[in-house]
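# A look at the structure
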Amino acid sequence: MKTDATEKQARMNTKVIAPPWNIEESEHLYRIQGWGDPYFSINAAGHITVSPEGDRGGSLDLYELVQALRQRNIGLPLLIRFSDILADRLARLNASFSKAIARYNYPNVYRGVYPVKCNQHRHIVEAVVHHGRPYHFGLEAGSKPELMIALATLDPSVYPANDPALIICNGYKDQEYLETAMLATHLGHKPIIVIEQLNELYATVDISKRLGLKPVLGVRAKLSTKGSGRWGSSTGDRAKFGLTIPQMITAIEYLKSQEMLDCLQLLHFHIGSQISSINVFKDAIREASQVYVQLAKAGANMKYLDVGGGLGVDYDGSKTNFYASKNYDMQSYANDIVAEIQEACEGSKLPEPILISESGRAIAAHQSVLIFDVLNTSDVPTIPPPPNGGNDNLIIRNLWETYESINLKNYQEMYHDASQYKEEAISLFNFGYLSLQERARAEQLYWACCGKILEMTRHQEYVPDDLEDLEKIMASIYYVNFSVFQSAPDSWAIDQLFPIMPIHRLDEEPEKRAILADLTCDSDGKIDQFIDLRDVKSVLELHSLKEDKSGLNSDNCSSLPPKEPYYLGMFLVGAYQEIMGNFHNLFGDINVVHIQMNPKGYKIEHVVKGDTITEVLGYVQYDAEDLLESMRQQTEHALQDNRIDFDKSQQLLKDYEGSLSRYTYLV
Ligand SMILES: *Cc1c(COP(=O)(O)O)cnc(C)c1O
């Protein structure tokens, strides 16, 4: 799968020889060129820069942007959307198909649609329609609410020559859905109703007769080509959607009997999301092209081929067929679609169809960046306890001896010894032979051994398998101010990888190895898998928190010295994450800002404030006034019984009431 393992080693080696850190090393370590090009890079100040218009326009310093937003009272966690990135993704997709069409002299056009389910937020759908207008870029609806968004957002009158953008109608359809879609043709819309089940066909025909209009119909094929990876089961005979070949024949015969076979004009398939391997696409397109040809031969008035979604995003930047990556680029994807279909049509002397794709992830992922701060950290202490003048229990003396004798030749063996002694110490404790203090000494010594061994393995070319977990068990925990369940649900639900890195201090060596723990009290609320050149890594390189000398970040209630803010970014989160996030522990929607580039730099286009505590409580049917009233009554009782003094009672009510209007995250 992934190659070039030596690169990582080379990195390790150079680290030993050339200690001063530079931004090139950060680029390499976080693989930013692999997943971020051309939108994200690192500047000389060691900050991430964003070039929302790719290689064509200006750029901004992400760290400075976050500071500027905080000064405007927009707190973390924060989602920043760059509408110019969305526009650039659309332009690239359309340019890829234009190039492919020119290259193969394909005698028809490409008319993409954006699947609304990928990110339904109004500003995003509106931006897709706006920036997609020159390309007649349409929308795909997978449900009735999404159809309602699509119809109201696309204005058919703005497109030239009676040629509006398409609305592809997928998903389960009831009578109202079908009726709405069909009647919208009177407004100038161009909906195509994709039949996914036979009974939808019968309902569609009934309604169209009743309304006296002829809809444009499509059929969704259940291809036998297997998708790969996580969404592999979107095709095949047992797939949830689509017609099998026998069902398609039934559909054709039925349409013929109703004198409506000319309505059938589109073939659709969708083999799943994030297709990592181009070969899977090629197989599917080849099969679908033949189905298309056969439908035309059977008398359908075929005009469109819709290849669905699945165009992948290279989350780890490895350019491989690993699940977090993809082994092809947009251009080769477009080329393969155009070439395969052209070959099939030429072979059968059929006119080539209008090409449609339903790329969601590839359009929406790059535009959004999640920014969050680190609240505090905890390290595994590796300092051995003070010596005890030879009075220790034998097991502790053994651990001491192990600790002292660790060297480059024996560290693997010493690791096994230390682990075994620790196990023995715990058994002795369980049988009552070791005191709490003694057990503490044993554990401290064990961690000291692990720390010493880990330090040695980090400088080795080769790390034995049994020591690979050491990095993981010794990882620092960075407590971060966001909820995985709300802001990166796929990271929790399906182990999806997103690039995560600091957005500043990239000119300093990140000397810590960490996992991230979120704000929820759920033990799944963590991130302990990170992108890497080879598969995944279990720890992320991060910087130690610095003491804050500015005096600006003191929270007044901690006796510890305040820390300088340390900001992390999670990238490529614009597809699926927002809408599938949930309210675990009642952490609500986060603040969102839309940034647009202009000749003077950038402009804050929209600010969508995240939920307040009152709002999330409302989602679970609590009324803030009722809660406050209950607290007031409890306070009055306590005052009457002298359980609280007046000032404290008022402080409690003030805090409670204040919290109701506050952000659900830590401020
Ligand atoms: C989800 C979905 C898409 C979008 O897939 P991406 O992989 O995000 O491009 C397209 N078409 C259908 C039918 C879908 O269900």
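Residues numbered from 1 in each chain as written. Predicted model: local features only at pLDDT ≥ 70, side-chain atom pairs only at ≥ 80, totals over all residues. Heavy atoms only, no water.

Summed over the entire model, instances satisfying the criterion amount to 25 salt bridges. Here Glu196 makes a salt bridge to Arg220, at a shortest N to O gap of 3.6 Å. Taken together, the residues Glu196 in the loop between β8 (190-195) and α9 (198-211) and Arg220 in strand β9 (residues 216-220) connect sequence positions 24 residues apart. Grouping residues by exposure puts Glu196 and Arg220 together as buried. Note that Asp392 and Arg441 form a salt bridge whose closest N and O atoms lie 3.0 Å from each other. (Salt bridge = Lys/Arg side-chain N within 4 Å of Asp/Glu carboxyl O. Helix = DSSP H or I, 4+ residues; strand = E, 2+ residues; numbered from the N terminus. Buried < 20%, exposed > 50% of the residue type's maximum accessible area, 1.4 Å probe, protein only.)

In the neighbourhood of the ligand, 16 residues make up the surrounding shell, with Lys117, Ser273, Glu358, Gly360 and Tyr576 lying closest. A distance of 2.9 Å separates an oxygen atom of the ligand from a polar backbone atom of Arg361. The protein chains hide 91% of the 390 Å² of surface that the ligand would expose on its own. Class assignment for the residues of the shell around the ligand results in 2 nonpolar, 9 polar and 5 charged. (Near = heavy atom within 4 Å. Polar contact = N/O pair within 3.5 Å; in protein donor to acceptor, adjacent residues only side chain to side chain. Areas by Shrake-Rupley, 256 points an atom, 1.4 Å probe, with all protein chains shown as cover. Nonpolar A, V, L, I, M, F, W, Y, C, P; charged D, E, K, R; others polar.)

This part is about helix α22 (residues 624-640). Given 3.6 residues per helical turn, the α-helix brings residues three or four places apart onto the same face. The first and last C-alpha atoms of α22 sit 24 Å apart over 17 residues, in line with the 24 Å expected at 1.5 Å per residue. Listed in full, the buried residues belonging to α22 are Ala624, Leu628, Met631, Thr635, Ala638 and Leu639. In a view along the axis of α22, the buried residues occupy a sector of 100 degrees, so they form one face of it. Projecting away from the buried face of α22 at angles above 90 degrees are the exposed residues Glu625, Asp626 and Gln640. In this structure Asp623 caps α22, since a side-chain oxygen of it lies 3.0 Å from the backbone nitrogen of Glu625. Downstream of α22 by one or two residues, Asn642 has phi in the positive range, about 60 degrees. (Expected span 1.5 Å × (residues − 1). Arc of directions from axis to C-beta.)

Below, the discussion takes up the nonpolar core. Core analysis: the biggest nonpolar cluster contains 154 residues, and Leu62, Ile80 and Leu267 have the highest contact counts within it. For this core, the element with the highest residue contribution is helix α11 (residues 278-297), accounting for 10 residues. Look past the residues within four positions of Ile80 in its chain and what remains in contact with it is Leu62, Leu65, Val66, Leu69, Gln367, Ser368, Val369, Ile371, Val593 and Ile595. Tyr411, Met414, Ala442 and Met474 belong to the second-largest nonpolar core, a separate cluster that totals 24 residues. (Core = buried A, V, L, I, M, F, W, Y, C linked by side-chain atoms within 4.5 Å. Contact = heavy atoms within 4.5 Å.)

With antiparallel pairing, 3 strands are arranged side by side in an open sheet as β1-β2-β3. Both outer strands of the open sheet, β1 (40-42) and β3 (60-61), are each paired with one neighbouring strand and no more. Across 2 bridges, strand β2 (residues 48-50) lies against β3 in antiparallel orientation. What sits directly across from Thr49, in β3, is Asp61. (Pairing = 2+ DSSP bridges.)

Moving on to the pairing of β9. With 4 of 5 residues buried, β9 lies mostly within the body of the structure. Here 4 bridges tie β8 to β9, and the two strands are oriented parallel to one another. Residue pairing for β9: Ile192 is matched across the bridge by Val216. Between β8 and its parallel partner β9, the chain crosses via α9, and the hand of that crossover is right-handed. Taken together, the 4 bridges between β9 and strand β10 (residues 264-268) define a ladder with parallel strand orientation. Bridged to Gly218 within β10 is Leu266. (Right-handed = clockwise from strand over helix to strand, strands pointing away.)

A surface patch of nonpolar side chains, about 370 Å² in accessible area, is lined by Phe583, Tyr619, Val620 and Tyr622. Within the secondary structure layout, Tyr622 lies in the loop between α21 (613-619) and α22. (Patch = residues over 30% accessible without salt bridge, like charges linked within 9 Å, V, L, I, M, F, W, Y side chains within 5 Å.)

This part takes up the packing of aromatic side chains. Under the defined criterion, the tally for this structure stands at 22 aromatic pairs. Arranged with centres 3.9 Å apart and planes meeting at 5 degrees, the rings of Phe97 and Tyr110 form a pair that is stacked. Highlighted residues: Phe97 in helix α5 (residues 83-103) and Tyr110 in the loop between α5 and β5 (113-115), separated in sequence by 13 residues. Neither residue differs from the other here; Phe97 and Tyr110 are each classed as buried. Ring-pair connections join several aromatic residues into one group, and the members of that group are Phe97, Tyr110, Phe281, Tyr328 and Tyr333. Above the plane of the ring of Tyr446 lies Lys422, whose end atom (NZ or CZ) is 4.5 Å from the centre. Its end group placed over the ring of Tyr403, Lys452 keeps NZ or CZ at 4.5 Å from the ring centre. (Phe/Tyr/Trp six-rings, centres within 6.5 Å; stacked < 30°, edge-to-face > 60°. Lys NZ or Arg CZ within 6 Å of the ring centre and 35° of its normal.)

By the secondary structure assignment, Ser277 is in the loop between β10 and α11. Taking the relative accessible area as the measure of exposure, Ser277 reaches 12% and is therefore buried. Every residue in contact with Ser277, bar those within four places of it in the chain, is listed here: Asn321, Asn327 and Tyr328.

What follows is about the sheet that holds strand β7 (residues 166-169). Pairing within the open sheet is parallel, and its 8 strands lie in the order β5-β6-β7-β8-β9-β10-β11-β12. In the strand order of this sheet, the two ends are held by β5 and β12 (354-356), each with one partner. Across the sheet, the mean angle separating the axes of adjacent strands is 25 degrees when strand polarity is ignored. In this structure, β5 lies alongside strand β6 (residues 138-141), joined through 3 bridges in parallel fashion. (Axes fitted to C-alpha atoms, helices over the stretch in contact; angles between N-to-C directions.)

So, about the confidence of the model for the chain. Scored by pLDDT, the chain comes out at a mean of 93, with 94% of its residues at no less than 70. Note on residues 1-6: pLDDT is under 50 here. Beyond four places in sequence and across chains, it has 15 contacts. Taken as a whole, residues 8-15 scores under 50 in pLDDT and shows 10 contacts with residues more than four places along the chain or in a different chain. (pLDDT = per-residue confidence, 0-100.)

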